[in-house]
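Per-entry structural report
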Protein chains: 2
Amino acid sequence: MNPHPDLSSSAARALSEIRRRGAVARVDLVGPLDLSFATVSAATTELMEAALIEETPDTAAPGRGRPRTLLRLRPDALHVAGAKLNDGFITVAVLDFCGDVLATASTDVPKGRIATALLVEQLDRTLHAALRGTALEKGDLAAFGFGLPGFVETESGLCRWSPLLSDAPVNVRDALSARLSCPVVIDNDANLAALAELWFGKGRHETDFLVVTVEHGVGLGIVLDGALFRGARGLGAEFAHMKVQIDGALCRCGQRGCLEAYVADYALAREAGLAVEPGDRDAMLEALARQATEGHEISASIYRRAGRMLGLGLANLVNILDPPLIILSGETIRHHHLLAEEIERTLRANALSIDRPPVRLSVHRWGDQLWAHGAGALALDRLAMAAGDGAEARQAG
Amino acid sequence: MNPHPDLSSSAARALSEIRRRGAVARVDLVGPLDLSFATVSAATTELMEAALIEETPDTAAPGRGRPRTLLRLRPDALHVAGAKLNDGFITVAVLDFCGDVLATASTDVPKGRIATALLVEQLDRTLHAALRGTALEKGDLAAFGFGLPGFVETESGLCRWSPLLSDAPVNVRDALSARLSCPVVIDNDANLAALAELWFGKGRHETDFLVVTVEHGVGLGIVLDGALFRGARGLGAEFAHMKVQIDGALCRCGQRGCLEAYVADYALAREAGLAVEPGDRDAMLEALARQATEGHEISASIYRRAGRMLGLGLANLVNILDPPLIILSGETIRHHHLLAEEIERTLRANALSIDRPPVRLSVHRWGDQLWAHGAGALALDRLAMAAGDGAEARQAG
DNA sequence: CAAATTTAATTTGACTATCGAATTTACTGT
DNA sequence: ACAGTAAATTCGATAGTCAAATTAAATTTG
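Every value quoted in this text rests on a predicted model; they were computed, and no experiment measured them.

Digging into the protein's contact with DNA strand D
- Near DNA strand D, the surroundings consist of 26 residues, among which Ser41(A), Arg68(A), Ser10(B), Thr39(B) and Arg64(B) are the closest.
- Within 4 Å of the protein, the contacting atoms of DNA strand D are drawn from sugar and phosphate to the extent of 76%.
- Within the backbone of Thr69(A), one N or O atom sits 2.9 Å away from a phosphate oxygen of DNA strand D.
- Secondary-structure elements contributing two or more residues to the surface near DNA strand D are α3 (37-49) and α13 (369-396) of chain A together with α3 (37-49) of chain B.

Set out below in structure tokens:
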């Protein structure tokens, strides 16, 4: 039943290099993996025998000598699913081994905090719905990745706190794993976004970058040396509560001056009352966005301040972590270019760059289903790591 | 001439574990290194043959069975020296393999920025002075570690900028290496402090912590997973320029609101004019410190604000990196408990701690010569890494 | 006090991952 | 056809590792 019959560590590394590059000849793996040709040959043979990759002829104009045969992932080598919990709904995606989305499904859940039991119930249901669009059954899934906002310990599977769960701390991974009867990985939703960028997005050819998501809250995923960085004690970076103003605006965490208290939906809504007609929160936010886009000065200034605070927070991150690239994504970013502009301006003004190229800033607009895509990446990532660890464990034992 | 005849990677790991633990039996290395007894035996034999360690009988009350023989470092296995550049003087220390200081020496240099040529000249001279107190000659040194404030790239040996160098960017390492004819490692001075804590200080039994130094400026060293973290692009963390106040006080870097602009000597001096009798800068700072200690409210408030800003910066670090321990050290910390108290208060108020033990804060008072001690640790660290790399390179080549 | 017991450390034999060098394979160009 | 060239595999050697057997040095027990 084990989808990855234990791979040797070089085979695992070769696999992830093939994934990153799409289609690549064996020769071209020698350099990046820093292995001898002999070892690359052994590793790729292992991957072929495990039916994880397949050969494909080189389409490039042939030169002299034996033409290279390219290697690529076999899409149907295995399948995973991923999901993300949002405020009010759940999105599920089913992915093949290449990371292509085969099907998605979405289900509404009550807004605000829900119980883990209900979450598990609804996730199972939504997964079934998604699977109906494919030739797969639940038993065909090699792993399931799940992302949610809050403080999540991937290692233990524990969610210590989430704005969308009523009964945290709770071991969401074990609860899900029991229901779906397949391996489950959970993570903070910003980490999903980072992983999605690393595996399939703009971070594909990078080893160090930050992903900042702006939606109901602010999220940060840190990729260092080609892997997610989860902090010294396994909890993700709590960027949302970086202090950008001493004794500043009140945050829902109870502290003052948190970045989130200037940038999150609820923070914008707090100020929107002075700029738009009163109404319910969502309507006011929508009006605020519309007015800002149309050039209404007060509305625009609300977004500008949010962007300014976010830019300042990013500058602080740049000064500490020194990443060459920052990727901005999420719903709010998508709608409001004003925000992005102000972020960039403030970042440039406040980040040090000494005698070297300044940090690149890249805005990646993407929608909800792609969060689930990221959750799939999380599942694939865990499989890859398991394969690597398996080899090490075998060698060590 | 190579002091560490290439060690296998397990031997290198065993060596650093022996260093950390002081004296340890072979059995007790099995667990921490996660190796079989057979491999530990082979590794320690290798270290014995390289004359890096020696046996010593166990002094503990004997139990049943064969008594364990302890292993410890041989102090005279090799020697290193380290130095730190301060504003106005240079300190050098000569260390044995255990990290014990055999001799130190100090030389005055002109205050402010000096040329690299002069630095090298004076370092060589000071090193000779220190060596006169020992039975060693320059040729007996296996490596030389050097720390200075500023933006330093350890990998390339380049100092991109320093408040104490007039001709940066300049490759200080190569310049020093040519003069001393032994391998040289250079690093940011805060990283030295972190390394000294990791090898010999309060971080000895920790794998993740921050070291914050407060002197003329503010420095930060980050230890993650038992090794110095130098940022994605090899430059240290620029904590001094974290923004703690948007559009805040003017910093000597030209930006506004930098932590340093509230905490560094020059920042305190800027405010001191309103609290003490006018005079030259050092005299004013001394008067300020004295008055604050004696309870003079205005003077105390200047330190309190500095501590508050520093605490806020630390809280931001904690939220991003989630370290279990922060070590505060440096001159200013030593003199002003007011600062330390305010740091702790603000840190506690602004760092998130979710359902887990809060970060520990530890104040480590130490003087100038111990910076040089850290520089020695840097040299030892590089030797250890070189030994490990040597083994890997040999295996890979 | 000799034999049994206990714990520490080494040796042995086997296995795996790796490498460099030699070889095989599959093309192009003349 | 056949030399030339580049890609990929095979081969023999080596280093690092482990489990199991063995040796070593002490204490406890009869």
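Description of the pairing of strand β6 (residues 101-108) of chain B
All names here are of chain B.
- In this structure, strand β5 (residues 89-96) lies alongside β6, joined through seven bridges in antiparallel fashion. Along β6, the bridge assignment pairs Phe89 with Asp108.
- Here β5 folds back onto β6, and the loop between the two strands holds four residues, one of which, Gly99, carries a positive phi near 95°.

Re unusual backbone geometry
- The backbone of Asp322(A) shows a phi angle near 55°, a positive value even though the residue is not glycine.
- Tracing the sequence through the fold places Asp322(A) in the loop between α10 (297-321) and β15 (325-329).
- Asp322(A) gets classed as buried once you look at its relative accessible area, which sits at 7%.
- Positive phi is not limited to glycine here, since Asp34(B) has a value of about 55°.
- On the accessibility criterion, Asp34(B) (62% relative accessible area) is exposed.

Regarding the interface of chain B and chain A
- Between chain B and chain A, the residue contacts involve 49 residues of the former and 49 residues of the latter.
- A buried area of about 4,200 Å², summed over both sides, lies between chain B and chain A, and 58% of it is on carbon and sulfur atoms.
- When the buried surface of chain B facing chain A is broken down by residue, Arg233(B), Ile246(B) and Ile320(B) rank first, second and third, together holding 19% of it.
- Residue Asp247(B) pairs with Arg308(A) through a salt bridge whose shortest N-O separation is 2.8 Å.
- Applying the counting criterion to the chain B and chain A interface returns 14 residue pairs in polar contact (both at pLDDT 80 or more).
- Listing elements by their share of the side of chain B that touches chain A, those giving two or more residues are β8 (151-153), β9 (158-161), β13 (218-224), α10 (297-321) and α12 (337-350) of chain B.

Re the nonpolar core
- Residues Val212(A), Phe239(A) and Phe239(B) are the most contacted members of the largest nonpolar core, which totals 112 residues.
- When residues no more than four places from it in sequence are discounted, the contact partners of Phe239(B) are Ile320(A), Val212(B), Val218(B), Leu220(B), Leu259(B), Leu310(B), Gly313(B), Leu314(B) and Leu317(B).
- One finds Ala193(A), Leu195(A), Leu198(A) and Ala372(A) within the second-largest nonpolar core, a separate group that totals 46 residues.

What about the environment of Leu73(B)?
Residue and element names in this part refer to chain B.
- Mapped onto the elements of the fold, Leu73 is located in strand β3 (residues 69-73).
- Overall, Leu73 belongs to the buried group, its relative accessible area being 7%.
- Each C-alpha atom, one on Leu73 and one on Glu54, is 6.3 Å from the other, the two residues being 19 residues apart in sequence.
- Excluding residues within four positions of it along the chain, Leu73 makes contact with Leu15, Ile18, Arg19, Leu52, Ile53, Glu54, Phe97 and Cys98.

Points about the state of the cysteines
All names here are of chain A.
- Under the criterion given, the structure shown has zero disulfides over all chains.
- Cys98 carries a free sulfur, and the closest cysteine sulfur to it, the one in Cys182, is 19 Å from it.
- Summary of cysteine pairing: Cys159 is not part of a disulfide, and the nearest cysteine sulfur, belonging to Cys253, is at 16 Å.

Let's talk about the sheet that holds strand β16 (residues 360-364) of chain A
Residue and element names in this part refer to chain A.
- Read from one edge of the open sheet, five strands run β14-β13-β12-β15-β16, paired in mixed fashion. The strands lining the two open edges of the sheet, one partner per strand, are β14 (227-229) and β16. Averaged over all pairs of adjacent strands, the angle between their axes in this sheet comes to 25°, without regard to strand direction.
- Both strand β12 (residues 209-214) and strand β13 (residues 218-224) contribute to a ladder of six bridges, which runs antiparallel. By the bridge assignment for β13, Val212 is matched with Leu220.
- α10 contacts β12, β13 and β15 of the sheet and is inclined by roughly 160° relative to β12.
- Running at roughly 165° to β16, helix α12 (residues 337-350) makes contact with β12, β15 and β16 of the sheet.

What counts as what
- Residues numbered from 1 in each chain as written.
- Chains lettered and ligands numbered in written order.
- Predicted model: local features only at pLDDT ≥ 70, side-chain atom pairs only at ≥ 80, totals over all residues.
- Heavy atoms only, no water.
- Near = heavy atom within 4 Å.
- Polar contact = N/O pair within 3.5 Å; in protein donor to acceptor, adjacent residues only side chain to side chain.
- Helix = DSSP H or I, 4+ residues; strand = E, 2+ residues; numbered from the N terminus.
- Pairing = 2+ DSSP bridges.
- Buried < 20%, exposed > 50% of the residue type's maximum accessible area, 1.4 Å probe, protein only.
- Contact = heavy atoms within 4.5 Å.
- Buried area = accessible area lost by both parts, 1.4 Å probe.
- Salt bridge = Lys/Arg side-chain N within 4 Å of Asp/Glu carboxyl O.
- Core = buried A, V, L, I, M, F, W, Y, C linked by side-chain atoms within 4.5 Å.
- Disulfide = S-S within 2.5 Å.
- Axes fitted to C-alpha atoms, helices over the stretch in contact; angles between N-to-C directions.

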